[in-house]
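So you can see what is in the structure, the chains are spelled out below.
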Amino acid sequence: MLKALLIITVMGGGEHYVNMPDMPTCLEAKEVIYNQDPSLYALCIPQEDDTKKVSEMFEMFKSLVEKMKE
């Protein structure tokens, strides 16, 4: 599943980053932010799920170990 990063920027230059579980949740949060204060800027950026990468690497390693046992 593709995760998202919500970036909120304030006119004074401050930024706030929030990791979101998925893009629809991020977009909903973005709308809530705009409705609270239109002077804030919010952006949702897609992020790859790191747990998937780690899991794939572990499976490759596990497969290699199994082949070595044979």
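Residues numbered from 1 in each chain as written. Predicted model: local features only at pLDDT ≥ 70, side-chain atom pairs only at ≥ 80, totals over all residues. Heavy atoms only, no water.

(A) Here's a closer look at the state of the cysteines. One pass over the full model with this rule turns up 1 disulfide. A disulfide bridge connects C26 with C44, and the sulfur atoms are separated by 2.1 Å. Because the sign of the S-S torsion sets the handedness, a value of about -105° for the bond joining C26 and C44 places this disulfide among the left-handed ones. Of this pair, C26 sits in helix α1 (residues 23-36) while C44 is found in strand β3 (residues 41-47), placing the two residues 18 residues apart along the sequence. Each of the two residues, C26 as well as C44, counts as buried. (Disulfide = S-S within 2.5 Å. Helix = DSSP H or I, 4+ residues; strand = E, 2+ residues; numbered from the N terminus. Buried < 20%, exposed > 50% of the residue type's maximum accessible area, 1.4 Å probe, protein only.)

(B) Structural context of the sheet that holds β3. Taken in spatial order, the 3 strands of this open sheet run β2-β1-β3, and their pairing is antiparallel. Only two strands of the sheet have a single partner each, and these edge strands are β2 (15-20) and β3. For this sheet the average axis-to-axis angle between neighbouring strands, irrespective of direction, equals 20°. Where strand β1 (residues 3-9) lies against β3, 7 bridges are found, and the strand directions are antiparallel. In the sheet register, K3 faces β3, and the bridge partner there is Q47. Along the sheet, α1 contacts β1, β2 and β3; its crossing angle with β3, the most-contacted strand, is approximately 175°. (Pairing = 2+ DSSP bridges. Axes fitted to C-alpha atoms, helices over the stretch in contact; angles between N-to-C directions. Contact = heavy atoms within 4.5 Å.)

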